[in-house]
Amino acid sequence: MLMIKTFTSTNSVNHCTEQPGLSDPDLLESIDATYYESIKPEMDKLVRDPSDETIAKILSYSKTM
Amino acid sequence: MKTPIKLQLHSDQDLVKFYLSGDESVLEELLRRHKTKIYTSIYLLVKDQYLAEDIFQDAFIKVINTLRSGRYNEEGKFLPWVLRIAHNLVIDYFRKEKRTPVITSSDGTDVLGMLQILEESAEDRLLREQTHADLRTMIHLLPDEQKEVLIMRHYADLSFKEIADLTDVSINTALGRMRYALSNLRKMMKVKEVS
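Everything numeric here is computed off the predicted structure, so don't read it as measured data. (Residues numbered from 1 in each chain as written. Chains lettered and ligands numbered in written order. Predicted model: local features only at pLDDT ≥ 70, side-chain atom pairs only at ≥ 80, totals over all residues.)

A. Representation of the interface of chain A and chain B within the structure. Taken together, the contacts link 34 residues of chain A with 37 residues of chain B. Sorting the residues of the side of chain A that touches chain B by element identifies α1 (25–44) and α2 (52–64) of chain A as the ones contributing at least two each. The element contributing the most residues to the side of chain A that touches chain B is α2 of chain A, with 8 residues. Along the lines of polarity and charge, the residues of the side of chain A that touches chain B split into 19 nonpolar, 8 polar and 7 charged. (Contact = placed C-beta atoms within 7 Å. Helix = DSSP H or I, 4+ residues; strand = E, 2+ residues; numbered from the N terminus. Nonpolar A, V, L, I, M, F, W, Y, C, P; charged D, E, K, R; others polar.)

Given below as structure tokens:
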């Protein structure tokens, strides 16, 4: 599958620099914004928190300073 | 010492001032306020929970050391500053990974490469075994610079100006990378739907 990129990638996946097919920048922006809104709920499910142990270590370090 | 509820009413800049004046409790509030954004950003870049924990911890140790040494720039925003520290630590990690020496066996096999495959984390194994069906995999497949902007924009809630400053590019470049990231995600989603 062809991916759009603007710079040389350090990934092993081979990406091409093909431009998007749409020529109207406003249309592209509106599609991007609409698409982004549609995937936001799924992206929000990927959030993570550090462990309590890590937080405790940071707080402990601060107290020793 | 201020009560936790009252601490929530203060800005990050105020909390930093309180911390520097000796109020340890504010660090807990700063962590509570920003830990999800910072940790998620690190985690999605390095793809390993334990590594992300280490980098997160190292970032805040640097934060504490800089604050204590009086080198913190009060005009800057706290969250972008911490994210820049974390971002640099992630870059340092990837640079060290690339410098990992290669030891080859008599048949030319990269021994250390094989060890890395055998020692892959449980999360890497899950990702490898899954189809290209879930969003996290697709984000990981994005070119690094696009993945970085997407993560900083969505999870760290940085402005494009802040992202541009953090990654040392122009705002237009940051915007372009975000647009290409979304376009590539959309393409991968279509491939998934077709398959």
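B. Expanded view of helix α4 (residues 49–69) of chain B. Between the first and last C-alpha of α4 of chain B there are 30 Å, a value that for 21 residues agrees with the 30 Å anticipated at 1.5 Å per step. Contacts from the buried residues of α4 of chain B go to α2 of chain A together with α3 (25–46) and α5 (78–98) of chain B. (Expected span 1.5 Å × (residues − 1).)

C. Summary view of the nonpolar core. Residues and elements named next belong to chain B. In this structure, Ile-42, Phe-56, Leu-83, Met-152 and Ala-181 are the most contacted members of the largest nonpolar core, which totals 46 residues. Examining the composition of this core, we find that 10 residues originate from one element, α3, more than from any other. Summarising the domain contributions, this core has at least three residues from each of domain 1 (8–98) and domain 2 (130–195). (Core = buried A, V, L, I, M, F, W, Y, C linked by C-beta atoms within 7 Å. Buried ≥ 20, exposed ≤ 12 C-beta atoms within 10 Å, placed from the backbone. Domains from an automatic or database assignment.)

D. Molecular detail of the domain arrangement of chain B. All names here are of chain B. Domain boundaries assigned for chain B yield domain 1 (8–98) and domain 2 (130–195). The C-alpha centroid of domain 2 is placed 22 Å from the C-alpha centroid of domain 1. Across the contact, 10 residues belong to domain 1 and 11 residues belong to domain 2. Those elements that provide at least two residues to the side of domain 1 that touches domain 2 are α3 and α5. A per-element tally of the side of domain 1 that touches domain 2 places α3 first, with 5 residues.

E. Structural detail: unusual backbone geometry. All names here are of chain B. Even without being a glycine, Asp-157 presents a positive backbone phi close to 60°. Phi is positive for Asp-168, close to 60°, though the residue is something other than glycine. Counting through the fold element by element, Asp-168 comes out in the loop between α10 (160–167) and α11 (171–194).

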